[in-house]
Number of protein chains: 2
Amino acid sequence: MDTYKNADFLYHEVAERLGRMIEQGLLKTGDKLPSVRALSEEQGISQSTAFRAYSELERRGVVEARPRSGYYVRYLHRRHAPPPLLPAERQPIRDISVDEMIAEVYRSLTREDIVRLSMAAPSLDLIPEARLNKSMMEALRMDPNSCIHYDDIQGNAKLRQQLARYAFHWSGQALPEDAITTQGCMEALSLSLQATTRPGDTVAIEAPTFFGIFSVLQSLGLKALEIPAHPETGASLDYLEKALGRHAVRACLFVPNFNNPTGACMPEGNKERLVSMLARRDIPLIEDDIYGELFFGRSRPASCKSFDRKGLVMHCASVSKMLAPGYRVGWCFPGRFREQFLQRKHSFSVTSATPTHAAVARFLETGRFDLHMRKLRKALHTQCLRYSQAISEYFPEGVRVSRPQGGYGLWLELPPKADSYILYQQAMQHHISIAPGKIFSTDGRFRNYIRIGFGSPYTDKIDWSLQVLGQLVASAG
Amino acid sequence: MDTYKNADFLYHEVAERLGRMIEQGLLKTGDKLPSVRALSEEQGISQSTAFRAYSELERRGVVEARPRSGYYVRYLHRRHAPPPLLPAERQPIRDISVDEMIAEVYRSLTREDIVRLSMAAPSLDLIPEARLNKSMMEALRMDPNSCIHYDDIQGNAKLRQQLARYAFHWSGQALPEDAITTQGCMEALSLSLQATTRPGDTVAIEAPTFFGIFSVLQSLGLKALEIPAHPETGASLDYLEKALGRHAVRACLFVPNFNNPTGACMPEGNKERLVSMLARRDIPLIEDDIYGELFFGRSRPASCKSFDRKGLVMHCASVSKMLAPGYRVGWCFPGRFREQFLQRKHSFSVTSATPTHAAVARFLETGRFDLHMRKLRKALHTQCLRYSQAISEYFPEGVRVSRPQGGYGLWLELPPKADSYILYQQAMQHHISIAPGKIFSTDGRFRNYIRIGFGSPYTDKIDWSLQVLGQLVASAG
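Please read all numbers here as calculations on a predicted model, not as lab measurements. (Residues numbered from 1 in each chain as written. Chains lettered and ligands numbered in written order. Predicted model: local features only at pLDDT ≥ 70, side-chain atom pairs only at ≥ 80, totals over all residues. Heavy atoms only, no water.)

Assigned secondary structure in chain A consists of 15 helices and 16 strands. On the principal axes, the C-alpha backbone points of chain A span a range of 85 × 55 × 45 Å. Looking at the 477 residues of chain A, the share that counts as buried comes to 59%. Partitioning the intrachain contacts of chain A with sequence separation of at least 6 by distance along the chain shows that 72% fall at a separation of at least 24. Surface accessibility of chain A: about 20200 Å² in total, with carbon and sulfur atoms responsible for 51%. Measuring between centres, the 60 positive side-chain charges of chain A sit 2 Å from its 51 negative side-chain charges. (Helix = DSSP H or I, 4+ residues; strand = E, 2+ residues; numbered from the N terminus. Buried < 20%, exposed > 50% of the residue type's maximum accessible area, 1.4 Å probe, protein only. Contact = heavy atoms within 4.5 Å. Areas by Shrake-Rupley, 256 points an atom, 1.4 Å probe, with all protein chains shown as cover. Lys, Arg positive; Asp, Glu negative; His and termini not counted. Charge placed at Lys NZ, Arg CZ, Asp CG, Glu CD.)

The following block contains the structure:
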């Protein structure tokens, strides 16, 4: 009797679970279900129990048996139609924490119905998709194992060869074995921090700076010491020097070239001074150089790494702002922290993904990258000028705007009493997103600043958005 | 005069750096160098300085000018030929730490001249490369942006849809929004640990267990509490229950299905008891179920997750042991720790790689995965039997070997006085690598055990290797 009861329970349970999968849309109308035999094997039940489960679902009108073919999900009348798309709801304006604000701005980035001036990345229109696809196909074809194998722990050998060649651009001198590849620049930064600090340590960062940096510091239990940064020349080195005397700073994490959000580019003399100031105290400098190749002038700004004599500079970058953010291809030249960096990379993610890294290597070695970058720099320079021009025209007197020499963003200072988070919410009601200044420091101090990304080609819609923003700023003043 | 001296220094410096790149092989014989104009732009020097740099290199015989074409790297006589490959050097046998031993075994895994019985992963011969390549092409073609964009922070939507369908296999019930994708299973484990523990906390693990687990615990500053595990039924729950009374255990990280190295599969009753024992104390269970689909019997063993009522089980897995380790496609069903897990994924690596995850989603949704897994399971079962058979024949009396019902490895107990690290070194002299038992615990306690992976199809070379190993064990006894 027990056996019978068990089988009875079993067929019912299997039918219930299948039924829920159909209701939840995991199995869709017209999908073929496993055969009775396959279901019995998968679930470790007898074929007769599997058959009973299907009969039960058939009785409920959820599946149908097709002769000599098997069971299929039926058309379900009671499935709901998706709700109609409504215009963005007007939400009451309230003040929220910097963390919540960042999460909110991030969510707005995935909405396609929005003009995303909050983005500091290339519009996908500027990326040569077809050539990148070609590089992927070639990489798969040329690799004896079609890139299915674990790659070298340090990273794809061909990619590291190319990275060492490119070091010449940032005035560095590097060998393929000096580079370690990562899952984008964020993994490079986080592994650099883990290789040089312990929870509770203090890390000097710029203010303002990219909010992803606060988030990784917080996740690692590190404290941020914010160094004020000038919108043209970057971090104040005098301030830093004094701060180093007062605080036990374990590492510095700076974005010296075309800083996000200000666009500041630290002059070479400052870079040299920064590197030697830290070298005297044996403090590692984690250099986020993700924007360095996006210069509008004649040549790429030097990296801090090029002034490094003690192996203390960890030079981090990626292709995310130049080519394909979704490929997650980044790297680090970790200097003397090579072993610690590699050990952590290996324990956290074993190796980098072979196909995407091999595809980027191929894109570099065929010269497709150089060609693309020349076009991209020109496009961005033009876009920067047109956005700046429009802002001068549409925004009221008293608004100041940065004049970056590279990168993706304009940093705007609004009148002192403006609140950029209120502006953000007002703009969202017009389906325009901007990055409010508050999200670029831990204490929300850049209240009357906004960042406007110029990664998208200038269109009528962009022009209209900037007009709307200008009017919102004017009416707030 | 100063200007002249600067230019003088500049051309020399640029020539020196180019020269070093040629010497180091970053620029190879026949490579075209940038044009004078391009070099001047890249380096921010005048065209005449760029010209002088090339003239200097030409004078040294390192580059040559080709009329109307530009500068090329010359054939260099002084380049050394690579040293001839020597047979593996006989190194003195010495005792080393568990960490050093793990690093050594890892290095042997990348050597193609070695019979790698130390590997617990599929031989690449068992992977349907062509079908996977096809899935990649289809994924790129079907995506409106060719997969170059940042994917959903939680992971590729199509992949999560498939993972929710597959949850049915491990007797779970899951929705696409319950899954978060990761860079392989190791990232899933490390984010699970970070979502549930803080440095200094204690985590219960099995002994023996996969050495990657010690490494990630160490990197996160966590303490390991080792729970003895039976080679057939897994962790001793009586021992665990007592240990939970004595230690403040913050999380458990177990491999309940086809444990690596023992191949043990925890009986369902034990899984249920384990989950409820931890639930009573609100301790999260990180379940590494990377081998669960590799069953030889009629059906997949259940997961601990299927007994979870409180959302405390974090179910982690990947395609690395089934399909393409190099794709780095893993996932976690993190239960109630969803927010913490997602926040850390986002701060450490932003999103997962779009192309590889989309390709795996495609491989799953076309049914290619089911077909492949049916073949793979059969092949592994056959291989397991043939390896076991050969070991019974070639190894001396007194050697005990596990009888796994799935997975990739056999766990051998050698006579008590055998030292498996000495055996490892002796085997390496015959170009055979095995995994010495010592690397599967933090204190090296499994001195007279070895793991032999059966992921490679059985060949004459494998047969010979097992004969050699058998003789080495016999002569040591």
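Right, let's get into the interface of chain B and chain A. Of the residues lining the interface, 77 residues belong to chain B; the matching set on chain A comes to 78 residues. Interface area, chain B with chain A, both sides summed: about 6700 Å², of which 56% is carbon and sulfur. The three residues of chain B that bury the most area against chain A are Leu26(B), Ile148(B) and Phe168(B), which together make up 12% of that side's buried surface. For the salt bridge of Asp31(A) with Arg165(B), the shortest nitrogen-to-oxygen distance reads 3.3 Å. Scanning the region where chain B abuts chain A turns up 36 residue pairs in polar contact (both at pLDDT 80 or more). (Buried area = accessible area lost by both parts, 1.4 Å probe. Salt bridge = Lys/Arg side-chain N within 4 Å of Asp/Glu carboxyl O. Polar contact = N/O pair within 3.5 Å; in protein donor to acceptor, adjacent residues only side chain to side chain.)

Residue and element names in this part refer to chain B. Where helix α9 (residues 237-246) meets helix α10 (residues 268-280), the closest approach of the two axes is 11 Å, and the angle between their N-to-C directions is 5°. Taken together, the axes of α9 and α10 are roughly parallel relative to one another. Taking contact as the criterion, the partners of Leu237, Asp238, Leu240, Glu241 and Leu244 in α9 are, on α10, Asn270, Arg273, Leu274, Met277, Leu278 and Arg280. (Axes fitted to C-alpha atoms, helices over the stretch in contact; angles between N-to-C directions. Parallel < 35°, antiparallel > 145°, perpendicular 65-115°, else oblique.)

Let us look at the packing of aromatic side chains. With the rule as written, the count across this model stands at 28 aromatic pairs over all chains. Geometrically, the ring pair formed by Tyr166(A) and Phe369(A) is edge-to-face, given 5.5 Å between the ring centres and 85° between the ring planes. Within this pair, whereas Tyr166(A) is found in helix α6 (residues 157-166), its partner Phe369(A) is found in helix α13 (residues 368-394), the two being separated by 203 residues in sequence. Summarising the burial analysis for this pair, Tyr166(A) and Phe369(A) share the class buried. Where Phe211(B) meets Phe440(B), the ring centres are 5.7 Å apart and the plane angle is 45°; that geometry is what we call tilted. In this pair, Phe211(B) sits in helix α8 (residues 211-219) while Phe440(B) sits in the loop between β15 (435-436) and β16 (449-453), placing the two residues 229 residues apart along the sequence. Take Phe211(B) and Phe440(B): they sit in the same class, and that class is buried. Among the aromatic residues, those joined into a ring-pair cluster are Phe210(A), Phe211(A), Trp411(A), Phe440(A), Phe446(A) and Tyr449(A). Positioned above the aromatic ring of Tyr72(A) is the side chain of Arg66(A), whose terminal nitrogen or guanidinium carbon lies 3.7 Å from the ring centre. (Phe/Tyr/Trp six-rings, centres within 6.5 Å; stacked < 30°, edge-to-face > 60°. Lys NZ or Arg CZ within 6 Å of the ring centre and 35° of its normal.)

The next thing to look at is the sheet that holds strand β8 (residues 249-254) of chain B. All names here are of chain B. Read across the open sheet, the eight strands follow the order β4-β11-β10-β9-β8-β5-β6-β7; overall the sheet is mixed. Lying at the two open borders of the sheet, with one neighbouring strand each, are β4 (180-182) and β7 (234-235). Sitting on the sheet, α10 touches β8, β9 (285-288) and β10 (313-318), and the angle it makes with β9 is about 150°. (Pairing = 2+ DSSP bridges.)

This part covers the relation of the copies chain B and chain A. Between chain B and chain A, the superposition needs a rotation of 180° and an axial shift of 0.1 Å, giving an RMSD of 0.1 Å. On this basis, the relationship between the two copies can be described by a two-fold rotation axis. (Least-squares fit on C-alpha atoms with pLDDT ≥ 70 in both.)

Applying the stated criterion to the full structure yields 56 salt bridges over all chains. Of the charged contacts in the structure, one is a salt bridge between Glu138(A) and Arg362(A), with a shortest N-O distance of 2.7 Å. Residue Glu138(A) is located in helix α5 (residues 129-142), and its partner Arg362(A) is located in helix α12 (residues 354-365); the two are separated by 224 residues in the primary sequence. Residue classification places Arg362(A) among the buried positions, given a relative accessible area of 18%. Between Asp443(B) and Arg445(B) there is a salt bridge, with its nearest N and O atoms 3.2 Å apart. Salt bridges sharing partners connect three or more residues here, namely Glu16(A), Arg20(A), Glu56(A), Arg59(A) and Arg60(A).

As a further point, take the domain arrangement of chain A. Each assigned domain of chain A is listed with its residue range as follows: domain 1 (2-73), domain 2 (98-120 + 374-476) and domain 3 (129-366). A separation of 54 Å is found between the C-alpha centroids of domain 1 of chain A and domain 2 of chain A. (Domains from an automatic or database assignment.)

Right, let's talk about the pairing of strand β1 (residues 63-66) of chain A for a bit. Residues and elements named next belong to chain A. Sheet topology places β1 next to strand β2 (residues 70-73); four bridges connect them, and they run antiparallel. Each residue of the ladder has a partner; that of Arg66, found in β2, is Gly70. Connecting β1 to the antiparallel partner β2 that follows it, the hairpin turn spans three residues, and Arg68 within it adopts a positive phi of roughly 55°.

Okay, unusual backbone geometry next. It is generally the case that most residues other than glycine have a negative phi and that most peptide bonds are trans. The omega torsion across Ala207(A) and Pro208(A) is 0°, close enough to zero to call that bond cis. With respect to the helices and strands, the residue Pro208(A) is situated in the loop between β5 (202-207) and α8 (211-219). Between Asn260(A) and the following residue, Pro261(A), the backbone shows a cis peptide bond with an omega angle of 20°. By the element assignment, Pro261(A) lies in the loop between β8 (249-254) and α10 (268-280). Its identity as a non-glycine residue notwithstanding, Cys147(B) has a phi of 60°, on the positive side. Note that Cys147(B) resides in the loop between α5 (129-142) and α6 (157-166). Judged by its relative accessible area of 0%, Cys147(B) is buried. Of note, the phi angle at Phe258(B) is positive, near 55°, even though the residue is not glycine. What makes Phe258(B) buried here is its relative accessible area of 3%.

So, about the pairing of β9(B). For a regular strand, side chains alternate in direction, first toward one face of the sheet and then toward the other. All names here are of chain B. Burial of the side chains of β9 extends over both faces: Leu285 and Glu287 are buried on one face and Ile286 and Asp288 on the other. Here β8 runs beside β9; their pairing, made up of three bridges, is parallel. Within β9, the position partnered with Cys252 by the bridge is Leu285. Taken together, β8, α10 and β9 form a β-α-β motif whose crossover is right-handed. Relative to β10, β9 is paired through four bridges, and the arrangement is parallel. (Right-handed = clockwise from strand over helix to strand, strands pointing away.)

Residues and elements named next belong to chain A. On the surface, a cluster of positive charge is contributed by Arg131, Lys134, Arg141 and Lys375. With three residues, the top contributor of residues to the positive patch is α5. You can call Lys134 partly exposed: its relative accessible area is 46%. (Patch = residues over 30% accessible without salt bridge, like charges linked within 9 Å, V, L, I, M, F, W, Y side chains within 5 Å.)

Sheet strands pair via backbone hydrogen bonds, and the direction of the pair is either parallel or antiparallel. Residues and elements named next belong to chain A. Taking strand neighbours across the sheet as the criterion, the eight strands line up as β4-β11-β10-β9-β8-β5-β6-β7 in an open arrangement whose pairing is mixed. Looking at the sheet topology across the chains shown, the edges are occupied by β4 (180-182) and β7 (234-235). Judged from the three bridges that link them, β4 and strand β11 (residues 330-333) form a sheet pairing that is antiparallel. Residue pairing across strands places Ile180 opposite Cys332, the latter belonging to β11. Against the sheet, helix α9 (residues 237-246) engages β5, β6 (223-230), β7 and β8, with an angle of about 155° to β6.

As a rule of thumb, nonpolar side chains are buried together in soluble globular proteins. The biggest cluster of nonpolar side chains holds 230 residues, and the ones touching the most others in it are Leu117(A), Ile452(A), Leu466(A), Leu117(B), Ile452(B) and Leu466(B). Leaving out residues up to four positions away in the same chain, Leu466(B) has contacts with Leu117(B), Tyr387(B), Ala390(B), Ile391(B), Tyr394(B), Phe395(B), Ile452(B) and Tyr458(B). (Core = buried A, V, L, I, M, F, W, Y, C linked by side-chain atoms within 4.5 Å.)

This part covers the confidence of the model for chain A. Residue and element names in this part refer to chain A. Summing up the model confidence of chain A, the mean pLDDT is 89 and the portion of residues at 70 or higher is 94%. When the criterion is pLDDT under 50, residues 1-5 qualifies, and its contacts beyond four places in sequence or with other chains add up to zero contacts. Considering only residues more than four positions removed or in separate chains, one finds that residues 78-94, a stretch of pLDDT under 50, has 17 contacts. (pLDDT = per-residue confidence, 0-100.)

Residue position: Asp370(B) is located in helix α13 (residues 368-394). Residues Asp370(B) and Ile439(B), 69 residues apart in the sequence, show an inter-C-alpha distance of 34 Å.

On to α5(A), then. Under the 1.5 Å per step criterion, the end-to-end length of α5(A) is 20 Å for 14 residues, consistent within 8% with the ideal 20 Å. Looking at the packing, one finds that the buried side of α5(A) touches α12 and α13 of chain A together with α5 and α12 (354-365) of chain B. (Expected span 1.5 Å × (residues − 1).)

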